[in-house]
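Structural description and commentary
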Amino acid sequence: MKKAFKVPHTLTLLFSMMIVAMIATWIVPQGFFDTALTDTGRTVVVPGTYTLAEERELLTPWQLLTAVPRAFAAAQDIIFFVFIVGGVLAVARRTGTVDALIGRLLEKHSDAPHKLIFMVIFFFSLASGAIGTAGEYIPFVLILVALCKAMRLDSMTAVGMTVAGYGVGYGVSAFNPFTVLIAQGIAEVPPYSGMWLRLALILPFCIIAYHHVWKYAQKVIADPTASMVADLPCPVGDISEKNYPSLNKRHKLILASFLITIGIAIYGISQHGWYLYELGACFIGWGLLTTLIGRLSFDQASDSFIEGVKDLTTTAVLIGIARGIALILEDGQILHSIVHGLSMPLSHVPATISAFGMLVIQTILNLFVPSGSGQAFVTMPLMAPLSDLVGVPRQVAVLAYQFGDGFSNMIVPTNAVLMGIIGIAGVPYDRWFKFCMPLLLKLMLAAAVVLMLAVVFGYGADVQPEVVLAPVEAITAS
């Protein structure tokens, strides 16, 4: 009898991608654009300056191996944030607060899981669209997994609503300071311009995401064996028949302090540019406060914290290896070559097709540059003048960048936040890919229609800057 094909472990898949990336650096022409500093000190590429490297630098297997510890160092901020969140949530669970909250939510909403799914997707998308939250959802993952499990759903549903929420939020963001404002600044269109369309798109795209997740959830409710993770252990154990503690005053105080912590984090992100180091500090503070309010001894809190960190070791390893893929491409000097090669065909097709092509390019490039702001600085200096040449308003080019970056964030394995979320939930990447790929295709199809209509109706034409068109060769020449 033929042996059934077994999908490799996620770690095997990621390391294999590192090997493929190294081989690509031997084949793809190495080259680069000139770069310049913006007024804010960020580096952007200069259009029309792509040149091939004089000598090919061949990466060796030794450099592949050294890229692994370097990748862990490069991803240390999110790795340690995941460790801190896992440890602190374990402390909160030790006080009984998490279980009490789940019990209370089940009392009110156990018969309406569809409401939970829509609310999470919608509110996460609003938060991501407003202030660029993504990694900040990691603290909610285990809570949502436990809640879904108690509602006869599964961890895939919990991950689906979380990732779909921030993917849609980034994709149709009205004023995300880390993506939209940066891209609009580089494209030289007024900040916040064109917001009316992006605001109008939030609900329709949330409905697409909700329909996909809820359709899957209905199958799991009807037949638990239909779950894509039915054969895997749940990270929160078997809680289907659990008796939940009542939500007492102490639990309410801990939950109130959690909301205050989130509020402080949001304020710091929006007003002071905080990121994972500062957010980690917020959660450490909340953990200490939880220990005091929950009347745990410091030894009990320490034991719980260490156990929570241990549970996320696999997740941390996957995050580090995922960062290694982009690191290899950067070392091999082929990132700019890929951008250059993908952008060249756009000058030879109609404007509506060019807009769709920009979406495809931004989606592909997100595999290599998973940072939203980083992708803006690499691609928008090229896409803005190229859009002028092909008759696409620059505002549409910005929208194509948003769609490509935001939606593909839900599936690219180089996205450390994604790997952190699925790792915490115990969902292997290959199964997540199978779940998410149809959703990504639906969102991309809707995005393509929006972009083509935006070109037809001249979206952004009212704020199009006055430009002097350079010859096509100046943009596409090598």
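Residues numbered from 1 in each chain as written. Predicted model: local features only at pLDDT ≥ 70, side-chain atom pairs only at ≥ 80, totals over all residues. Heavy atoms only, no water.

Naming follows an unreviewed UniProt entry, where the protein appears as AbgT family transporter of Alkalimonas delamerensis. Looking at the protein in UniProt, the text filed under Subcellular location (unreviewed entry) is "Cell membrane". (UniProt positions renumbered as here; feature names shortened; annotations may be inferred.)

**Overview of the overall build of the protein**
Within the protein one finds 20 helices and 4 strands. A compact globule built from 478 residues should have a C-alpha radius of gyration of about 23 Å, and the protein, at 23 Å, falls within 12% of that. Taking the principal axes of the C-alpha coordinates as reference, the protein spans close to 70 × 55 × 50 Å. For the protein, the residues scored as buried account for 54% of the 478 residues in total. Look at the contacts in the protein between residues 6 or more apart in sequence, and 82% of them connect residues 24 or more apart. About 20900 Å² of surface is accessible on the protein, with carbon and sulfur atoms providing 66% of the total. A gap of 13 Å separates the mean positions of the 27 positive and 29 negative side-chain charges of the protein. (Helix = DSSP H or I, 4+ residues; strand = E, 2+ residues; numbered from the N terminus. Rg over C-alpha atoms; globule rule 2.2 N^0.38 Å. Buried < 20%, exposed > 50% of the residue type's maximum accessible area, 1.4 Å probe, protein only. Contact = heavy atoms within 4.5 Å. Areas by Shrake-Rupley, 256 points an atom, 1.4 Å probe, with all protein chains shown as cover. Lys, Arg positive; Asp, Glu negative; His and termini not counted. Charge placed at Lys NZ, Arg CZ, Asp CG, Glu CD.)

**Focus: the environment of Leu453**
Mapped onto the elements of the fold, Leu453 is located in helix H19 (residues 429–456). With a relative accessible area of 43%, Leu453 lands in the partly exposed category. Residues Leu453 and Ala217, spaced 236 residues apart in sequence, show a C-alpha to C-alpha distance of 33 Å.

**Side note on the pattern of salt bridges**
Proximity of charged atoms lets side chains of opposite charge pair with each other. Inspection of the entire model under this criterion finds 5 salt bridges. Measuring nitrogen to oxygen at the nearest pair gives 3.6 Å for the salt bridge that ties Glu188 to Arg394. Here Arg394 lies in helix H17 (residues 394–408) and Glu188 lies in the loop between helix H8 (180–187) and helix H9 (195–222), a separation of 206 residues in the sequence. The class for Arg394 is buried, based on a relative accessible area of 7%. Across the pair Arg431 and Asp231 runs a salt bridge, and its minimum N-O distance is 2.6 Å. Here the residue Arg431 occupies a position in helix H19, and Asp231 occupies one in the loop between H9 and helix H10 (249–272), the gap between them amounting to 200 residues. (Salt bridge = Lys/Arg side-chain N within 4 Å of Asp/Glu carboxyl O.)

**Overview of the packing of helix H7 (residues 155–171) against H17**
Remark: H7 packs on H17, axes separated minimally by 7 Å, with the N-to-C direction vectors making an angle of 170°. Taken together, the axes of H7 and H17 are roughly antiparallel relative to one another. Packed against H7, whose contacting residues are Gly167, Val168, Tyr170 and Gly171, the element H17 presents Gln402, Phe403, Asp405, Gly406 and Phe407 at the interface. For the contact of H7 with H17, a count of residues per class yields 4 nonpolar, 4 polar and 1 charged. (Axes fitted to C-alpha atoms, helices over the stretch in contact; angles between N-to-C directions. Parallel < 35°, antiparallel > 145°, perpendicular 65-115°, else oblique. Nonpolar A, V, L, I, M, F, W, Y, C, P; charged D, E, K, R; others polar.)

**Points about the environment of Gly308**
By secondary structure assignment, the location of Gly308 is in helix H12 (residues 298–311). Note on Gly308: relative accessible area 6%, which makes it buried. With near-sequence residues (within four places) excluded, Gly308 lies in contact with Gly86, Gly87 and Ala90.

**Considerations on the nonpolar core**
Membership of the largest hydrophobic core comes to 149 residues, with the highest contact counts inside it found for Tyr166, Phe205, Met380, Phe403, Phe407 and Trp432. By residue number, the principal contributor to this core is H19, which donates 15 residues. Among all residues touching Phe403, those that are not within four sequence positions of it are Gly171, Val172, Leu201, Leu359, Ser408, Ala447, Val450 and Leu451. (Core = buried A, V, L, I, M, F, W, Y, C linked by side-chain atoms within 4.5 Å.)

**Details of a nonpolar patch on the surface**
Taken together, the side chains of Ile19, Ile23, Trp26, Ile27 and Leu58 define a hydrophobic patch exposed on the protein surface, amounting to about 460 Å² of accessible area. Among the structural elements, Ile27 can be located in helix H1 (residues 10–27). We classify Ile27 as exposed; its relative accessible area is 62%. (Patch = residues over 30% accessible without salt bridge, like charges linked within 9 Å, V, L, I, M, F, W, Y side chains within 5 Å.)

**A closer look at unusual backbone geometry**
Of note, Arg152 is a non-glycine position whose phi angle comes to about 65°, a positive value. Phi is positive for Arg295, which is not a glycine, with a value near 55°. Structurally, the position occupied by Arg295 is in the loop between helix H11 (276–293) and H12.

**Thoughts on the packing of aromatic side chains**
Within this structure, the stated rule accounts for 18 aromatic pairs. Judged by centre distance (5.8 Å) and plane angle (80°), the rings of Trp196 and Tyr459 are edge-to-face. Placement of the pair is Trp196 in helix H9 and Tyr459 in the loop between H19 and helix H20 (472–476), with a sequence separation of 263 residues. Residue classification places Tyr459 among the buried residues on the basis of a relative accessible area of 7%. Taken together, a centroid distance of 6.4 Å and an interplanar angle of 90° make the contact between Phe283 and Trp286 edge-to-face. Within this pair, Phe283 and its partner Trp286 are both found in helix H11, separated by 3 residues, close to a single helical turn. Of the two residues, Phe283 and Trp286, both sit in the buried class. In textbook terms, an aromatic cluster arises when at least three aromatic residues are bridged by ring pairs, as seen for Phe81, Phe124, Tyr137, Phe140, Phe258, Phe283 and Trp286. (Phe/Tyr/Trp six-rings, centres within 6.5 Å; stacked < 30°, edge-to-face > 60°.)

**Observations concerning a positive patch on the surface**
A surface patch of positive charge is lined by Arg104, Lys108, Lys249 and Lys252. When contributions to the positive patch are tallied by element, the ones reaching two or more residues are helix H4 (97–109) and H10. Assignment of secondary structure puts Lys108 in helix H4.

**Considering helix H2 (residues 61–74)**
Along its 14 residues, H2 runs 20 Å from first to last C-alpha, staying within 8% of the 20 Å computed at 1.5 Å per residue. Its maximal kink placed at Val68, H2 deviates by approximately 30°, while the proline Pro69 follows within four residues. Residues of H2 that are buried include every one of Leu64, Ala67, Val68 and Ala71, and no others. On the buried face of H2, the contacting elements are H1 and helix H13 (313–331). (Expected span 1.5 Å × (residues − 1). Bend = angle between axes of the 7 residues up to and from the residue.)

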